[in-house]
Amino acid sequence: MIEAQAITARHGANAVVRDVSFAVAAGESFGIVGESGSGKSTLLRVIAGLHEHWSGGLVIDGMPQGRRRPRGFGRVAQMVFQDPYGSLHPRQTVDRALAEPLIVQGFGHDRARILAALDAVGLEARHRFRYPHQLSGGQRQRVAIARALMLEPKLLLLDEPTSALDAAVQAEIVALLGRLRAERGVTFILVSHSLAVVAASCERAAVMQEGLFVEEAAIADLRRGNLRDPYARELFAASLGFRRG
Amino acid sequence: MTAPLLDIEDLSVRFGGHEAVRGVSFSMGRERLGIVGESGAGKSMLGRAIMRLSPPGAAMTAKRLAFDGIDLLQTDMRGVRGKRIGLVFQDPRFSLNPAMTVGEQIEEVLRVHRSLRPRAARDEALKLIGGMQIRDPIAVLRRYPHQLSGGMGQRAMIAMMLAPNPDLLIADEPTSALDASVASGVLALLDREVARRGMAIILISHDLDLVASFCDRVLVMLAGEIVETLAASNLAAARHPYTRKLLSARLKLEA
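Please read these numbers as outputs of a predicted model, since none were measured by experiment.

1. Considerations on the overall build of chain B
Reasoning step 1: Looking only at helices and strands, one finds nine helices and eleven strands in chain B.
Reasoning step 2: Relative to the 2.2 N^0.38 estimate, which gives 18 Å for 255 residues, the radius of gyration of chain B is 18 Å and therefore close to what a compact globule would have.
Reasoning step 3: Expressed along its principal axes, the backbone C-alpha trace of chain B runs to roughly 55 × 50 × 40 Å.
Reasoning step 4: For chain B, with 255 residues in total, the buried portion stands at 45%.
Reasoning step 5: Here the contacts in chain B between residues at least 6 apart in sequence split such that 66% fall between residues at least 24 apart.

Structure, rendered in structure tokens:
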């Protein structure tokens, strides 16, 4: 589904992603875990076409990608951001937010598809004409996920999709994403600072530090802390939570 | 039995018609008490109410709010707030004074609450920040809050709150804004200081695992009320459906 070859991305003179290569098969869920400033979000934005200052090779769904994404790319890949409050228009209803991608791609304002999308993410018809501020954080993230799925993309780019949510809601969204992936066979690239979220959502993950992939591991190895890179091991130990002594 | 350090009976915080904290009662000694609940459960409001720091428009009522024998409903809080009870918030960049260096802020606390002279305050500030496991404490003292990383800011905040040697520290999501590797260091630091000083701590968080691993006892809050009190070592004993839901919702790294 995606092949990245030696991707380097810069903010000004600063290389924040350095020579990163990886491949994700169709239907696979690939996690990228790292801490603030590791470059994980920039890498995701390069893939989404939201960050132009990069070099390297990038093939998505068989198509080599340049600086700009081609017309119709919205039907190939969609992105879900950390804070749905920031990514949903505050003065647009849920209905409008979900209709927008359909209208842009020339499908028109399709009521049935909007209701089906709400249902798929566990929302009801009564949520359709609410504004973002009238929804809880978890409901807003459900709307953002529904919007990302409106065009039935093959690839979903998830940037810290649960980090702004309470623990219990976090688990609900992780479960929702898992169900949607199983039902639709969408490919996931999930970026998170949380090893637990990546472990619960992915089959394979890379640990990123200072712009580099320092380790790639199967989730079973990640869960056991079966890692060789010192930083990846440190991150694993810190993720086990507070231990006295 | 000795009198509790903090004794609260029927405490409520109202905003107009909305009751953010509803008839909360608990007492604690020099222990580690956790308060867990999701956003809007009223846990932060409760923490602030203990300090008599409810926001404008909020009305706090209680049958009893006593700290070490002092009736907090009757005192003007001078000599208690910041001196005997410290408060650490989630993001130090918002709770530190942006126009003062870290050193100036800690020295001010030492002059006001411990009546130290400027020279002694400077020496003590360096000692305090030096105990926060910071690589270059002298440089940190000279920095302004916006020049600090999240973890460094929180260490500076903790140093400042510990400066008056408080009996109780209220830490409201102290590590939620930090990366895991930084958070574990800050928690270890808090843990060590609480033990060394024999003080009490209230740790407020939405993270049940965090609270349970750090504290002796956990209060579970839902919609302004304490719905359950649990020994941290025995979360499995939880009976309230909300606590059970929190327990089942935990994303565990280990298989």
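That was the structure; now back to the text.
2. Some points on the interface of chain A and chain B
Often the size quoted for an interface is simply the accessible area lost on bringing the parts together.
Reasoning step 1: Listed per partner, the contact involves 24 residues of chain A and 24 residues of chain B.
Reasoning step 2: Of all elements in the fold, only α6 (167–184), α7 (195–201) and α9 (230–239) of chain A reach the threshold of two or more residues within the side of chain A that touches chain B.
Reasoning step 3: Its residues assigned to classes, the side of chain A that touches chain B shows 13 nonpolar, five polar and six charged.

3. Details of the confidence of the model for chain A
Keep in mind that low pLDDT regions are not for reading the predicted coordinates in detail.
Reasoning step 1: Across chain A, the average pLDDT comes to 93, with 100% of residues at 70 or higher.
Reasoning step 2: Taken element by element, the predicted model of chain A shows its lowest mean pLDDT in helix α2 (residues 84–87) of chain A (76) and its highest in strand β10 (residues 212–218) of chain A (97).

4. Describing the packing of α9(A) against helix α7 (residues 180–197) of chain B
Reasoning step 1: Orientation of α9(A) relative to α7(B), taken along the N-to-C sense of each, is 55°, at an axis distance of 8 Å. In terms of orientation, α9(A) and α7(B) fall into the oblique class. Regarding α9(A) and α7(B), the two cross each other, and that crossing is left-handed. Contacts from Glu234(A), Leu235(A), Ala238(A) and Ser239(A) in α9(A) reach Ala180(B), Ser181(B) and Ser184(B) in α7(B).
Reasoning step 2: When the residues that make up the contact of α9(A) with α7(B) are grouped by side-chain class, the tally is three nonpolar, three polar and one charged.

5. Re unusual backbone geometry
Residues and elements named next belong to chain B.
Reasoning step 1: In this model, Asp10 sits at a positive phi of 55°, which is unusual for a non-glycine residue.
Reasoning step 2: Along the chain, the position of Asp10 falls in strand β1 (residues 6–15).
Reasoning step 3: Positive phi values are uncommon outside glycine, yet Asn165 reaches one of about 55°.

6. A short note on the pairing of strand β5 (residues 64–67) of chain B
Reasoning step 1: Burial along β5(B) is one-sided: Leu65(B) and Phe67(B) are buried, and none of Arg64(B) and Ala66(B), which face the opposite way, are.
Reasoning step 2: As consecutive antiparallel partners, β5(B) and strand β6 (residues 70–71) of chain B are separated by two residues, and within that stretch Asp68(B) has a phi angle of approximately 50°, a positive value.

7. Comments concerning the nonpolar core
Reasoning step 1: Ranked by internal contacts, the top residues of the largest apolar core, which has 152 residues, are Ile189(A), Ala205(A), Ile106(B), Ala156(B) and Ala159(B).
Reasoning step 2: It is helix α6 (residues 150–162) of chain B that contributes the most residues to this core, eight residues altogether.
Reasoning step 3: If we skip the residues at most four places from it in the chain, Ala205(A) touches Phe30(A), Gly31(A), Ile32(A), Val33(A), Val198(A), Ala217(A), Ile219(A) and Leu222(A).

8. Here we look at the confidence of the model for chain B
Reasoning step 1: Here chain B averages 92 in pLDDT, and 99% of its residues register 70 or above.
Reasoning step 2: Both confidence scores are given for the complex: pTM 0.85, ipTM 0.75.

9. Description of helix α1 (residues 43–50) of chain B
Reasoning step 1: The element α1(B) is extensively covered by neighbouring structure, given that eight of its eight residues are classed as buried.
Reasoning step 2: Looking one or two residues past α1(B), Arg52(B) carries a phi angle of roughly 55°, positive in sign.

10. Looking at the sheet that holds strand β6 (residues 77–80) of chain A
Backbone hydrogen bonds hold the strands of a sheet together, and the pairing may be parallel or antiparallel.
Residue and element names in this part refer to chain A.
Reasoning step 1: Taken together, six strands build an open sheet; the order of strands is β6-β7-β8-β3-β9-β10 and the sheet is mixed. Looking at which strands have only one partner, the edges of the open sheet turn out to be β6 and β10. Within this sheet the neighbouring strands show an average axis-to-axis angle of 15°, counted without direction.
Reasoning step 2: Examined bridge by bridge, strand β3 (residues 29–34) and strand β8 (residues 187–192) share five bridges and lie parallel to one another. Residue pairing across strands places Ser29 opposite Phe188, the latter belonging to β8.

11. Notes on the sheet that holds strand β7 (residues 85–88) of chain B
Residue and element names in this part refer to chain B.
Reasoning step 1: Read across the sheet, six strands follow the order β7-β8-β9-β3-β10-β11 without closing on themselves; strand pairing throughout is mixed. Two strands bound the open sheet, and with one partner strand each, they are β7 and β11 (225–231). The sheet shows a mean angle of 20° between the axes of neighbouring strands, taken without regard to direction.
Reasoning step 2: For strand β10 (residues 217–222) and β11, the ladder comprises six bridges, and the chain directions are antiparallel. Counted as the bridge partner of Met221 is Ile226 from β11.

12. So, the environment of Arg143(B)
Reasoning step 1: Mapping Arg143(B) onto the fold places it in the loop between α5 (137–142) and α6.
Reasoning step 2: Arg143(B) sits 41 residues away from Val102(B) along the chain, and the two C-alpha atoms are 6.0 Å apart.

13. Regarding the environment of Gly137(A)
Residue and element names in this part refer to chain A.
Reasoning step 1: Tracing the chain through its elements places Gly137 in helix α5 (residues 137–149).
Reasoning step 2: Note on Gly137: 20 C-beta atoms within 10 Å, which makes it buried.
Reasoning step 3: Through-space distance from the C-alpha of Gly137 to that of Phe236 is 28 Å; in sequence the pair is 99 residues apart.
Reasoning step 4: Residues contacting Gly137, with those up to four places away along its chain left out, are Ala164, Leu165 and Val169.

Each value, and the rule that gives it
Residues numbered from 1 in each chain as written. Chains lettered and ligands numbered in written order. Predicted model: local features only at pLDDT ≥ 70, side-chain atom pairs only at ≥ 80, totals over all residues. Helix = DSSP H or I, 4+ residues; strand = E, 2+ residues; numbered from the N terminus. Rg over C-alpha atoms; globule rule 2.2 N^0.38 Å. Buried ≥ 20, exposed ≤ 12 C-beta atoms within 10 Å, placed from the backbone. Contact = placed C-beta atoms within 7 Å. Nonpolar A, V, L, I, M, F, W, Y, C, P; charged D, E, K, R; others polar. pLDDT = per-residue confidence, 0-100. Axes fitted to C-alpha atoms, helices over the stretch in contact; angles between N-to-C directions. Parallel < 35°, antiparallel > 145°, perpendicular 65-115°, else oblique. Left-handed = near helix turned anticlockwise from the far one by under 90°. Pairing = 2+ DSSP bridges. Core = buried A, V, L, I, M, F, W, Y, C linked by C-beta atoms within 7 Å.

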